[in-house]
Amino acid sequence: MAGVQDQLEIKFRLTDGSDIGPKSFPTAASVATLKETVLAQWPKEKENGPRTVKDVKLISAGRILENTRTIGECRSPLCDVPGGVTTMHVVVQPPSTEKGKIDIGAVTDEHLCELVLRGALGSSGG
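Labelled according to an unreviewed UniProt entry, the protein appears under the name UBL3-like ubiquitin domain-containing protein, originating from Linum tenue.

Right, here's the structure in full:
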């Protein structure tokens, strides 16, 4: 019976309300392992999917889970129902750009004109 308690059924709720899973994981599995599963099973037809594990945030019982923690460490006694399925919410965080650097591919003519005008006007905008 102890082997059953060492497993946790988890489904991953995406922001559009669809789910990945449920799937059984050992309580000793790390949060990083869960994120790898989400990344591998991300629906190909969905836009703006995560590219790396770093792009994925998992939320359970209102807490953002840390990669180095295990599922067993993250469990909430208030939310876990024996034999039930735990739902973890998935948030995709787009990769951050370094401050001050501009993604040239994302600059439109309008943005370029604004940047040139701000430079000519000393960044005061008017």
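*Asks:* Break down the packing of aromatic side chains for me, citing the residues and quoting the values.
*Replies:* Counting across every chain of the model gives one aromatic pair. With centroids separated by 6.1 Å and ring planes inclined at 75 degrees, the aromatic side chains of F12 and F25 adopt a geometry described as edge-to-face. Pair noted here: F12 is in strand β1 (residues 7-13) and F25 is in strand β2 (residues 19-26), with a separation of 13 residues, a long-range link. The burial state of F12 is the same as that of F25; both residues are buried.

*Asks:* Let's hear about unusual backbone geometry: which residues, and what values?
*Replies:* A cis geometry characterises the amide bond from G21 onward to P22, with omega recorded as 15 degrees. Here P22 is to be found in strand β2. One non-glycine residue, N48, adopts positive backbone phi at about 60 degrees. On the secondary structure map, N48 appears in the loop between α2 (31-41) and β3 (56-60).

The rules behind the values
- In every chain, residue numbers begin from 1 and rise along the written sequence.
- With pLDDT at 70 or above as the cut-off, local features in this predicted model cover only qualifying residues; side-chain atom pairs require 80 or more to be listed or tallied, and sums for whole chains, interfaces and linings still use all residues.
- The basis for the side-chain values is all heavy atoms of the structure; hydrogens and waters are excluded.
- Geometry of aromatic contacts follows a simple scheme: Phe, Tyr and Trp rings, the Trp one being its six-membered ring, pair when their centres are within 6.5 Å, and the pair is stacked under 30 degrees between planes, edge-to-face over 60, tilted otherwise.
- Here a helix means four or more residues in a row that DSSP labels H or I, a strand means two or more in a row labelled E, and each is numbered from the N terminus.
- Note on classification: 1.4 Å probe, protein chains only; a residue is buried when its accessible area is under 20% of the maximum for its type, exposed when over 50%, partly exposed between these limits.

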